[in-house]
Number of protein chains: 2
Amino acid sequence: MSNKLYFTPGPSGLYPTVPFHIQNALNEDVCAISHRSKKYEAIHENTVQNLKELLNIPDNFHLFFTGSATEVWDRVIENCVEQHSYHCVNGSFSKRFYETAKELNKNATKIEVEFGKGFNADDLNAPIETELICLTHNETSAGVSMPVSEINKVKDKYPNALIVVDAVSSMPYPNFDYSKIDSVLFSVQKGFGMPAGLGVWIVNERCIEKSKLLQTKGISIGTYHNLPSLLSKGINNQTPETPNVLGIYVLGKVAGDMLSIGIDNIRKDTETKAKLLYEFIQNSTNFEIFVNEPAHRSQTVIVANTVIPSPQINKILEPHNMAIGTGYAKYKEQQVRIANFPAFSIDDVEKLIEKLKL
Amino acid sequence: MSNKLYFTPGPSGLYPTVPFHIQNALNEDVCAISHRSKKYEAIHENTVQNLKELLNIPDNFHLFFTGSATEVWDRVIENCVEQHSYHCVNGSFSKRFYETAKELNKNATKIEVEFGKGFNADDLNAPIETELICLTHNETSAGVSMPVSEINKVKDKYPNALIVVDAVSSMPYPNFDYSKIDSVLFSVQKGFGMPAGLGVWIVNERCIEKSKLLQTKGISIGTYHNLPSLLSKGINNQTPETPNVLGIYVLGKVAGDMLSIGIDNIRKDTETKAKLLYEFIQNSTNFEIFVNEPAHRSQTVIVANTVIPSPQINKILEPHNMAIGTGYAKYKEQQVRIANFPAFSIDDVEKLIEKLKL
């Protein structure tokens, strides 16, 4: 593997142990075994158990695998919404979640704020008939987070709605209170530092019951990846389709590595590195922190306005074997996005900061 | 990598060059780069071009990537059927394709024959209103193929319907006439000998037009993986979501390896190995060819009835570092399924036959 550090917000640099786990998977014929075999079931179970332990997910939640987190947007709307979903939109990804619901012919409503702004529970104005509230813990395009303490208040405000949290570019950092949410989704090529091509969908029984209710009403909830189908295979540590077995294996191993380090240490390191980055940006004449409200600044995707166009910064970083993310879409040149995922050590971040002192 | 030969019909033994390509992908940071970068676009383009050349796919066809072939069943029904699909069912997988259409609330009809029997074009009795005819080139559960010459006659019989062919467990073996079909789907963990987690969906303009027509009628055709969305990104060698970049990279390399060997040689070798296997089975007192009609016998998944229960055969093969597939579902004990994919040489198959002389 090259030694280049990809501080890009997804795909991102691989978690250091990933190549080792891939090699072991090849040695152990993980890619050749049947997905209906006991050997596969043991791999699947290990991954689910390690993730549940790492993320402190209660027993009454199920954990399913999909092709991507984008797929989960689609599936959660199909399975948990008859008519009314409600979305907090503050960037490109939360907007796509909203648009997904519209494309599925749901009556989706939203509250939308300016790019760079965030949400507190008080801001939400969901219609009374809302079935699913879609929150984005970390809007990857803008580097804005909704604090977990605010997410926790949403359930008290809307006890009848299901609450799903998109944690694509923050997991495993957020310490969610699973008694306050019903579903979480994330992908593996960000915080878990893995090859892309695998999404993780966490749901509780309320989500399953909702999907079954829709099904009895004759509403299509999809096919192989609807919740009853995922559950019927998942309880046996299997999947409806032939899944990304290599990805599921490696995810279990990476989660195991993270368990050895301890999730508290990973969270503390994340905050230490974020503090280093934000302090550097605050004191730099070339950069400026983009998100004004400190409580809404992401700990995992740090976004800054830049005087020097971001592609030029990457040209400067190139000989030092580093890369950072450019701004999203129309902000490409004028912003940088720096991934602060567990794959990077405090030392890595200090090296980056040194080279960003342009 | 272990030297065990997995003659299992999916997942199956890896194509010999796969570990090498995975290592190169890691060396080249393929898993860390952005899926919106020029470097990714070059990988994507190489895979599409190599597959199009290998499979002789005309320019007016598009090639898209999904999470699995199972996903494509779902997507092709959503995008190409307003009401009426028609299915040729002769085993578990063609049946699941049919059930997928029912679950999506379509008016799906079928012709169903006994397990082990196949279809000729004359057998089809699709209703006049049929929009999509779903054929399975190779029914993996039963080892039954529909000859390409018969598939080619279906278009003449039903010129107004779209024709989709499930070639999950036969690609790259079948030499399809793309003027006679509108769509093909397959997955990579079978004939391409790759890690699972990637499906390939080939469509022509008629399929795209149909999906756009449904969309204008206000019918949901799905979201990120509907045909207009796949096309809008595909024309720039990108995907709507962050895809399985490693899988797409490796698939392009394997297709390149197969191009070097020559598809004619791969097809000839497949037939040579199938002939060896069927002749051995025919002359064996322990095994019996399952599919009576020679024209319907699969060249890529050879199924035989067995006197000795299949799990016991695998115990005998184990010390020789080989495994074969058991029968499907209720045929588990009484049948064997032997994958005859390009990953296995004539020599490999001869070794297997030697050990099957129990």
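The rules we used
- Residues numbered from 1 in each chain as written.
- Chains lettered and ligands numbered in written order.
- Predicted model: local features only at pLDDT ≥ 70, side-chain atom pairs only at ≥ 80, totals over all residues.
- Heavy atoms only, no water.
- Domains from an automatic or database assignment.
- Contact = heavy atoms within 4.5 Å.
- Buried area = accessible area lost by both parts, 1.4 Å probe.
- Salt bridge = Lys/Arg side-chain N within 4 Å of Asp/Glu carboxyl O.
- Polar contact = N/O pair within 3.5 Å; in protein donor to acceptor, adjacent residues only side chain to side chain.
- Helix = DSSP H or I, 4+ residues; strand = E, 2+ residues; numbered from the N terminus.
- Nonpolar A, V, L, I, M, F, W, Y, C, P; charged D, E, K, R; others polar.

(A) Layout of the domain arrangement of chain A. Residues and elements named next belong to chain A. Taken as a whole, chain A is organised into domain 1 (5-13 + 262-356) and domain 2 (18-259). Once you take the C-alpha centre of each, domain 1 and domain 2 turn out to be 26 Å apart. Residue-level contacts link 29 residues of domain 1 with 29 residues of domain 2. Summing the contributions of domain 1 and of domain 2, the shared interface buries around 2,300 Å²; its carbon and sulfur component is 57%. For domain 1, the biggest contributors to the area lost against domain 2 are Arg267, His296 and Tyr328; these three give 29% of the whole. Linking domain 1 to domain 2 there are zero salt bridges. Counting the contacts that link domain 1 with domain 2 gives 16 residue pairs in polar contact (both at pLDDT 80 or more). Residue assignment for the side of domain 1 that touches domain 2 shows that the elements contributing at least two residues are helix H9 (263-283), strand S12 (301-306) and strand S14 (335-339). At six residues, the largest contribution of residues to the side of domain 1 that touches domain 2 is made by H9. In terms of residue class, the side of domain 1 that touches domain 2 is made up of 14 nonpolar, eleven polar and four charged.

(B) Representation of the interface of chain B and chain A within the structure. At the interface, 50 residues of chain B touch 50 residues of chain A. Overall, the association of chain B and chain A removes approximately 3,800 Å² of surface from exposure, summing both partners, and the carbon and sulfur fraction of that is 53%. When the area that chain B buries against chain A is broken down by residue, the three leading residues are B:Pro11, B:Leu26 and B:Thr223, summing to 14%. A salt bridge links B:Arg75 to A:Asp74, with the shortest nitrogen-to-oxygen separation between them at 4.0 Å. Taken together, the links from chain B to chain A amount to ten residue pairs in polar contact (both at pLDDT 80 or more). Contributions of two or more residues to the side of chain B that touches chain A are made by helix H1 (18-27), helix H3 (69-80), helix H4 (92-103) and helix H8 (245-261) of chain B. Of the residues assigned to the side of chain B that touches chain A, the class counts are 19 nonpolar, 22 polar and nine charged.

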